[in-house]
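Structure at a glance
The residues making up each chain are set out below.
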Amino acid sequence: MGPLSREAWTQRLGAFRASPSAFLAGAEGEDLGHDLLSDLRSEKLSEQTKVSLLTLSLEYSDKLWPDTPAAEAAATSLLDTLILLPSKPSALRRLLLLAATTALVSGGALGPTSGASCRLLPLLLGLASGRDMGRSFGSASEQRHLQATACECLGELERCKPGLLAPSLATLRNLLGQTGPIQPVSLLLALVMHNTLVVPSRAAAGAELQGLLVAGDSSVGSCPWDWTRAEGRDAHLQPQAPSWPTAEQEHGFPLLEPSPEEARELKAAVAQLLDTSYLLTPVAQAQLLWLLGWALRGLRGQPPVLFKPQLVRLLGTAQLTLLHSVLALKAAFGEALFTAQDEALLLRRLTLVAQHPALPSPTHLFYLQCLLRFPENCPLGPEGEEAAPLLLSPQLCQGLMPSLLHDPMVLLARLHLLCLVCADAEEEEKDQVQSPQGYLQELMAGLQQRAALDGGPQALATLCFQASYLVARCLPGQPIVQTSLIHGLAQLYRARPSLAPHFVDLLDQVSPELREPLRAVLQPEVVARPGKNESLCWHLQMLAKVAEGDAQGATLSFLQAAAIHCTDWGLQQALLRVCRALLRTGAGDGLADLLQVLARQLEDADGRDHARLYYTLFSHLSSPKLGVALGPSPAAPALASSLVAENQGFASTLMVQETPAPIRLRVGPQKAKGPLLLLPLRVEAAEGPVYCLELRFRVEGQLYEPLEAVHIPCLCPGRPAHPLYLPLRPRRPAPACLHVQALYTTPAGLTCHAHLPPLSVNFADLFLPFPQLPKGSEVCFFDDLWNSCLPKGVESRMWCPLGPQGLEALVSQHLEPFVVVAQPPTTYLIAIRLPPDSMLLLRLETAQVDGVPVALRTDNWTVLPLVGDYLRGLAAC
């Protein structure tokens with residue numbers, strides 16, 4: 001088959017990029033790599049199409065040629081294509097070099113037995129050295145770009161085979177003094193020098209360093225690479241980023257102790273690289289400093305004074321990458337390179353720049369993280385303990401105090417810094433009004449007040465608990481701060497019990513020094529506030545976490561009073577979880593009486609079985625064995641009680657299993673009929689029959705009244721979707737998101753529950769029509785409603801785009817049930833009831849070319865933004 005046309009290749013590449021795995025599994029995928037290599041030599045394809053083919057080979061080389069033989073053949077074909085190119089300038093040369101290198105590396109074909117590798121290496125070294133490689137490699141104007149590309153390819157080979165280019169150190173060093181691209185040559189030389197010093201050869205670690213640095217320029221006939229050095233070392237690829245290895249990473253790397261002659265040549269080579277580093281881009285400079293810094297760190301008796309001139313230049317840099325490199329050098333060399341004046345200057349600069357009001361949020365966070373992780377010359381306190389930099393005083397941080405007006409991430413970073421400053425503050429500062437501790441307590445009080453707002457955003461509550469965890473972790477030894485934090489959290493729970501999941505998560509994360517006092521304060525708060533419905537659910541969830549055996553009197557009284565209101569399955573299970581927690585911590589006779597009552601009176605059979613099981617365990621096991629039997633570990637040791645051994649399988653059968661949802665639930669088409677607001681639902685079984693299905697719905701916040709559960713006796717796959725109608729009782733007309741949980745029984749008799757995808761209740765789903773009017777009274781009725789909206793209501797005018805449909809079609813499709821008076825095609829009077837007690841009146845006037853003006857009145861001004869979004873979205877429906 002001949003070469004494909006440009007259009008055919010465009011279609012083929014598009015299909016491949018859409019799904020590479022699926023394309024390669026098809027019939028056309030078998031020959032894609034072969035056709036690509038063949039058509040690269042075709043004269044019928046334009047250079048732009050060939051560039052697209054080579055770009056694809058660079059991105060998906062591992063998929064086009066996945067094994068070693070295929071990668072070897074591909075690299076050979078690409079090199080042959082490179083040789084056959086005409087002498088005129090072409091954009092294909094650089095891409096062919098990159099593609100051949102990528103094929104060898106990704107396919108695992110790079111090695112001494114590879115013919116393509118033995119062809120590619122001398123070619124790349126010749127191009128990098130600026131030699132004349134013949135007419136097939138373009139004109140002299142193109143050589144500079146090819147030299148840079150060759151250096152990039154050699155760098156990739158050196159990263160994959162560390163030490164491969166060690167014999168070419170002198171050649172690469174000589175290139176720095178010649179005309180040519182400085183940045184790629186500098187980075188390649190630094191990489192080869194880094195690999196030679198950091199992971200030395202096992203045969204002679206560092207013994208030939210001087211010879212490598214001062215040897216004469218390698219000729220084409222010699223061998224300027226060393227496969228034995230590359231293959232003989234067991235080296236891991238190191239990240240090419242300005243970070244420094246830990247002690248564990250450095251373990252096993254032999255430290256070199258060069259001779260005076262080797263040290264002199266090494267200093268000269270490093271100084272040569274550093275002297276020209278200012279010509280490099282900031283990112284390249286950062287990589288160069290990382291490579292050289294890590295290499296010199298492993299040499300004995302080599303002070304890092306060579307970096308001092310660069311440090312003077314970089315201390316005032318505005319480039320974030322270079323500032324990161326400065327901190328990395330400090331982490332590597334400490335006081336051997338940085339004086340106290342350098343530290344003070346760097347800290348002052350970081351604190352002042354971090355206060356700049358025009359900084360973008362990511363840059364602001366970067367400077368704050370630099371302060372939080374400022375490398376010290378000597379550690380403070382035990383290993384792993386956080387502390388503020390030695391020279392960072394509260395006065396210097398005065399402008400970095402957190403505020404409630406900051407973004408959450410910035411606030412947390414500044415709060416972290418404030419906590420570190422508080423930990424190092426002197427004792428006499430703690431009682432001052434403007435002390436860091438006092439400011440910290442005021443800030444936490446403000447966060448807790450915002451989180452306590454009923455119906456407030458969830459993000460404010462999350463931020464408050466993130467800040468609380470940060471304070472608890474950073475200031476475990478500050479009793480004043482800890483006491484203030486505990487009492488503030490207790491007040492927060494008193495004001496907003498719905499934050500119980502956040503409290504449970506916080507108790508799981510904090511240290512015992514804060515956990516136990518917080519539990520002791522929260523338990524009386526919970527048992528002193530009996531509630532019903534949703535608040536009772538939060539109290540029980542909280543009590544299951546904070547219940548203690550030594551405070552069972554008040555807890556049992558609370559549970560006995562709460563048992564009356566636990567009418568559904570969820571509340572009953574929450575009540576039983578509290579009983580389980582009391583059993584683990586040491587229970588009294590009052591709990592046994594409560595379990596007996598629950599075993600008789602609970603409506604749900606599953607709850608009665610659990611209560612009976614807990615009572616049986618309590619009656620037959622001692623406290624230590626009871627704690628083991630009910631503990632969280634599934635690998636509990638075997639117990640001496642035969643009753644428990646027999647009931648272990650029975651208990652697992654009684655437990656409600658969480659499984660993937662076996663049903664599909666969606667919102668059906670809305671039909672605005674009747675006085676009640678009903679949300680139509682469609683439910684169908686996805687797999688297997690489902691019995692005794694119960695769907696439970698929950699809406700976050702206080703937007704809606706509690707929703708009733710929906711029951712379906714049986715649901716089988718393959719049958720039509722079962723229609724359901726969920727009654728909605730909004731407390732105010734607003735959209736909502738319904739969280740759905742399914743409880744059902746499998747054919748095997750197991751009780752399972754699953755979380756379904758949430759359902760959206762749109763603004764239009766809340767529309768209800770007014771009752772049917774006597775014929776002839778429609779206009780008077782609408783005018784009475786229109787006049788009654790003012791002055792307490794609000795009036796507005798909006799523009800409703802029509803799109804391709806006309807006004808009559810728009811009204812018929814979306815607003816037909818609510819039309820009171822229709823005078824098509826010019827005027828429509830529309831009246832909509834919005835539960836619980838609001839209304840929306842619309843006057844659709846004469847339609848224009850692209851839309852229709854709408855006059856509206858409502859007695860609830862909060863729905864205006866929702867009405868605007870609804871009208872603007874009608875044209876897109």
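Use the structure listed above.
About the criteria used
Residues numbered from 1 in each chain as written. Predicted model: local features only at pLDDT ≥ 70, side-chain atom pairs only at ≥ 80, totals over all residues. Heavy atoms only, no water. Pairing = 2+ DSSP bridges. Helix = DSSP H or I, 4+ residues; strand = E, 2+ residues; numbered from the N terminus. Axes fitted to C-alpha atoms, helices over the stretch in contact; angles between N-to-C directions. Contact = heavy atoms within 4.5 Å. Buried < 20%, exposed > 50% of the residue type's maximum accessible area, 1.4 Å probe, protein only. Salt bridge = Lys/Arg side-chain N within 4 Å of Asp/Glu carboxyl O. Core = buried A, V, L, I, M, F, W, Y, C linked by side-chain atoms within 4.5 Å. Expected span 1.5 Å × (residues − 1). Arc of directions from axis to C-beta.

Here we come to the sheet that holds strand S9 (residues 794-801). Ordered in space as S9-S13-S12-S11-S10, the five strands form an open sheet in which the pairing is antiparallel. Two strands close off the open sheet at either side, each with one partner strand: S9 and strand S10 (819-823). Each strand axis lies, on average, 20 degrees off the axis of its neighbour in the sheet, ignoring direction. Each of S9, S10, strand S11 (827-834), strand S12 (838-844) and strand S13 (851-858) touches helix H35 (residues 807-815); the most contacted strand, S11, lies at about 20 degrees to it. The strands touched by helix H36 (residues 864-874) within the sheet are S9, S12 and S13, with S9 carrying the most contacts at an inclination of about 20 degrees.

Across the eight residues of S13, eight count as buried, placing the element largely inside the fold. In S13, alternate side chains face the same way, and those of Gly851, Pro853, Ala855 and Arg857 on one face and Val852, Val854, Leu856 and Thr858 on the other are all buried. When S9 meets S13, the two strands line up antiparallel, connected through eight bridges. The residue of S13 that forms the bridge with Met798 is Val854. In this structure, S12 lies alongside S13, joined through five bridges in antiparallel fashion. Residue Leu842 lies in a different strand from S13, and its bridge partner there is Leu856. The loop that links S12 with its antiparallel partner S13 comprises six residues.

Within this structure, the stated rule accounts for 21 salt bridges. Asp609 is paired through a salt bridge with Arg612; the nearest N and O atoms lie 3.0 Å apart. Taken together, the residues Asp609 and Arg612, both in helix H31 (residues 605-620) and three residues apart, mark about one turn of the helix. One salt bridge in this structure joins Glu684 and Arg666, with 3.5 Å as the shortest N-O distance. Placement of the pair is Glu684 in strand S3 (residues 678-685) and Arg666 in strand S2 (residues 663-667), with a sequence separation of 18 residues. Its relative accessible area of 22% is what places Glu684 among the partly exposed residues. In this structure, a network of salt bridges that share partners links the residues Arg41, Asp80 and Arg119.

Counting 113 residues, the largest nonpolar core has Leu36, Met193, Leu292, Phe307 and Leu346 as its most contacted members. At 10 residues, the largest contribution of residues to this core is made by helix H11 (residues 182-198). Not counting chain neighbours up to four residues away, the residues in contact with Leu36 comprise Trp9, Leu53, Leu56, Ser57, Leu64 and Trp65. Met542, Cys579, Leu591 and Leu594 belong to the second largest nonpolar core, which has 75 residues in total.

Right, let's talk about helix H30 (residues 589-601) for a bit. Taking 1.5 Å of rise per residue, 13 residues should cover 18 Å, and H30 covers 19 Å from first to last C-alpha, within 8% of that figure. Looking at H30, one finds that the buried residues are Leu591, Ala592, Leu594, Leu595, Leu598 and Ala599. One side of H30 carries all its buried residues, which in axial view fall inside an arc of 160 degrees. Exposed side chains of H30 directed beyond 90 degrees from the buried face belong to Asp589, Arg600 and Gln601.

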